[in-house]
Amino acid sequence: MIAKIARGASLYGALAYNYQKVEKENAHILFTQKIIEAPDGSYSMEQLSRSFDLHLLANRKTEKPILHISLNPDPKDTVNDTDFENMAQEYMKQMGYGEQPFAVFKHTDIDRTHIHIVSVCVDGDGRKISDKFEKRHSMAVCRTLEKEYGLISAVDKEKNSQNQTFSPVDYKAGDVKSQMASVIRHLPKYYQFQTFGAYNALLSLFKITAEEIKGEYNGIPKQGLVYFALNDKGEKASNPFKASLFGKGAGLVQLQSHYEQSRTKLKGSPAKESAKGRIESAMQGTPNESEFKNKLLEQGINVVVRRNAQGRIYGITFIDHQSRCVCNGSELGKNLSANVFNDWWNNGNKADLSKKENTVSQEIAPAGNQISEPYSQSDFSGKEDMPENGQENNIIEAFGSLLPENQGEDFQETAFANQMKRKDKRRKPKL
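Rules and cut-offs
Residues numbered from 1 in each chain as written. Predicted model: local features only at pLDDT ≥ 70, side-chain atom pairs only at ≥ 80, totals over all residues. Heavy atoms only, no water. Helix = DSSP H or I, 4+ residues; strand = E, 2+ residues; numbered from the N terminus. Buried < 20%, exposed > 50% of the residue type's maximum accessible area, 1.4 Å probe, protein only. Areas by Shrake-Rupley, 256 points an atom, 1.4 Å probe, with all protein chains shown as cover. Salt bridge = Lys/Arg side-chain N within 4 Å of Asp/Glu carboxyl O. Phe/Tyr/Trp six-rings, centres within 6.5 Å; stacked < 30°, edge-to-face > 60°. Axes fitted to C-alpha atoms, helices over the stretch in contact; angles between N-to-C directions. Left-handed = near helix turned anticlockwise from the far one by under 90°. Contact = heavy atoms within 4.5 Å. Nonpolar A, V, L, I, M, F, W, Y, C, P; charged D, E, K, R; others polar. pLDDT = per-residue confidence, 0-100. Pairing = 2+ DSSP bridges.

1. A word on the overall build of the protein chain
So, point 1. Check the secondary structure of the protein chain and you find 17 helices and 15 strands.
So, point 2. Expressed as a percentage of its 431 residues, the buried residues of the protein chain come to 53%.
So, point 3. Accessible surface, the protein chain as shown: approximately 20,300 Å² in total, 46% of it carbon and sulfur.

Rendered as structure tokens:
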């Protein structure tokens with residue numbers, strides 16, 4: 001089991017994230033402690049919010065008094081509601097929050113059923129409850145709960161998992177072909193992409209690129225693909241490897257079939273519309289390219305930009321690790337095309353998007369392998385953006401490990417955790 005702890009200043013944001021899922025019947029309130037409820041046992045947003053008033057009003061100087069915790073058993077674990085209730089109470093008690101008001105929400109909107117706990121980290125006198133060595137303490141509590149309830153151990157699973165499966169290629173480490181194979185053989189199974197450019201954008205996250213080759217053999221036209229490993233600057237750093245070395249799925253014919261299947265799956269897909277909404281929201285809320293990319297990264301979306309030698313943007317691709325769809329900007333809408341971003345970032349002409357109400361789901365996303373800080377990308381003339389530092393590579397490895405046998409991640413949760421960290425410190429809880 002994995003526990004994820006987020007802190008923020010907005011009680012409304014934490015409650016709204018969960019309550020909106022309750023209203024959509026994707027979650028329900030499983031347990032409460034010291035929370036106001038209606039005579040019929042139901043809860044409203046107002047009642048939930050008022051339940052924390054005394055603690056928040058007494059708060060002396062804690063800038064981020066809101067706790068938003070998720071407890072995530074392995075997808076293969078079967079946990080009933082009673083066990084979830086007991087686990088939540090035991091976890092809060094062991095972490096020092098056993099006397100606090102808190103609400104437990106059970107989420108069922110993704111395959112990995114899990115619970116969220118909303119509480120406050122200041123006591124009734126307004127003093128902050130100690131969070132010293134919190135991460136270490138939380139891991140120890142999780143190990144105890146795993147043994148008590150017979151859950152799959154996250155630590156043992158991590159030791160046994162093949163973390164290199166989706167790791168970026170390190171051409172200096174040797175055995176480049178095997179490193180590339182561990183990525184190329186699996187990406188089409190877990191990501192939807194509609195064009196060769198989108199496929200290459202996805203490959204670039206793992207320091208790989210593909211090229212089409214054309215020729216004739218005995219007068220018969222032939223087409224195929226070759227793959228190269230890339231260095232940190234996006235330059236070819238290996239000899240070419242024929243697609244056939246990586247299996248049928250890496251070949252041109254099979255990929256073209258994958259493009260068509262992806263177009264069918266993504267046509268009118270809610271996941272595609274969700275990604276578009278988050279991208280548009282990031283455009284409205286950020287002043288430049290760097291902050292735009294960082295904003296989306298916090299929501300599990302990588303941005304890969306293609307520039308020519310003069311610096312003009314001729315392509316942009318968005319890789320949404322939440323839904324595992326890869327879309328060029330123009331596939332999402334004219335307002336997200338490469339020309340729009342070229343006018344913004346090169347000419348200073350930011351598109352005036354029609355203002356629309358942002359839902360909580362558009363603004364927030366995961367608390368999976370949590371991204372504590374944004375990372376940066378560099379642009380290289382005529383090439384895709386490439387991972388620039390170790391932190392980004394760690395993020396990619398985390399995203400890349402989303403295989404069925406691994407802990408599934410909800411990127412809405414992680415983005416939400418980061419959103420809470422960025423909330424204005426002066427903002428007061430409101431109804």
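Here the narrative resumes.
2. Some points on the pattern of salt bridges
So, point 1. Applying the stated criterion across every chain yields a total of 15 salt bridges.
So, point 2. Of the charged contacts, one joins Lys-128 and Asp-131 as a salt bridge, the two residues approaching to 3.4 Å between their closest N and O atoms.
So, point 3. Judged by its relative accessible area of 28%, Asp-131 falls in the partly exposed class.
So, point 4. Through salt bridges that share partners, Arg-7, Lys-128, Asp-131 and Glu-134 make up one connected network.

3. Focus: the packing of aromatic side chains
So, point 1. Per the counting criterion, the structure on display carries 13 aromatic pairs.
So, point 2. For the pair Phe-241 and Phe-246, a centre-to-centre distance of 6.2 Å together with 55° between the ring planes defines the contact as tilted.
So, point 3. Taking relative accessible area as the criterion, Phe-241 reaches 16% and is therefore assigned buried.
So, point 4. For Phe-246, a relative accessible area of 3% translates into the label buried.
So, point 5. These aromatic residues form a ring-pair network of at least three members: Phe-292, Phe-318, Phe-341, Trp-344 and Trp-345.

4. Topic: the packing of helix 4 (residues 81-94) against helix 5 (residues 134-149)
So, point 1. Contact geometry for helix 4 and helix 5: axes closest at 10 Å, N-to-C directions at 145°. Here helix 4 runs over helix 5; the crossing is right-handed. Across from Asp-83, Asn-86, Met-87, Glu-90, Tyr-91 and Gln-94 in helix 4, the residues of helix 5 making contact are His-137, Ser-138, Val-141, Cys-142, Leu-145 and Tyr-149.
So, point 2. Residue classes in the contact of helix 4 with helix 5 are distributed as six nonpolar, four polar and two charged.

5. Regarding the confidence of the model for the protein chain
Interpretation of the predicted coordinates at a detailed level should be avoided for regions scoring low in pLDDT.
So, point 1. Per-chain confidence: the protein chain averages 82 in pLDDT, with 79% of residues scoring 70 or above.
So, point 2. Counted against residues more than four places away or in other chains, residues 161-165, with its pLDDT under 50, gives eight contacts.

6. Points about the sheet that holds strand 4 (residues 102-107)
So, point 1. Overall, antiparallel pairing links the five strands, which are arranged 1-3-5-4-2 in an open sheet. Taken across any chain shown, the strands that pair with only one partner, and hence form the sheet edges, are strand 1 (2-8) and strand 2 (27-33). Between one strand axis and the next, the sheet turns through 20° on average, direction left out of account.
So, point 2. Examined bridge by bridge, strand 4 and strand 5 (residues 114-120) share six bridges and lie antiparallel to one another. In the strand pairing of strand 5, Val-104 is matched with Ile-117.

7. Side note on helix 7 (residues 176-184)
Spacing of three or four residues puts side chains on the same side of an α-helix, whose turn is 3.6 residues.
So, point 1. Within helix 7, seven of the nine residues are buried, leaving the element largely enclosed by the surrounding structure.
So, point 2. In this structure, the buried side of helix 7 is in contact with helix 8 (187-190), helix 9 (196-204), strand 7 (208-217), strand 8 (220-229) and strand 9 (241-242).

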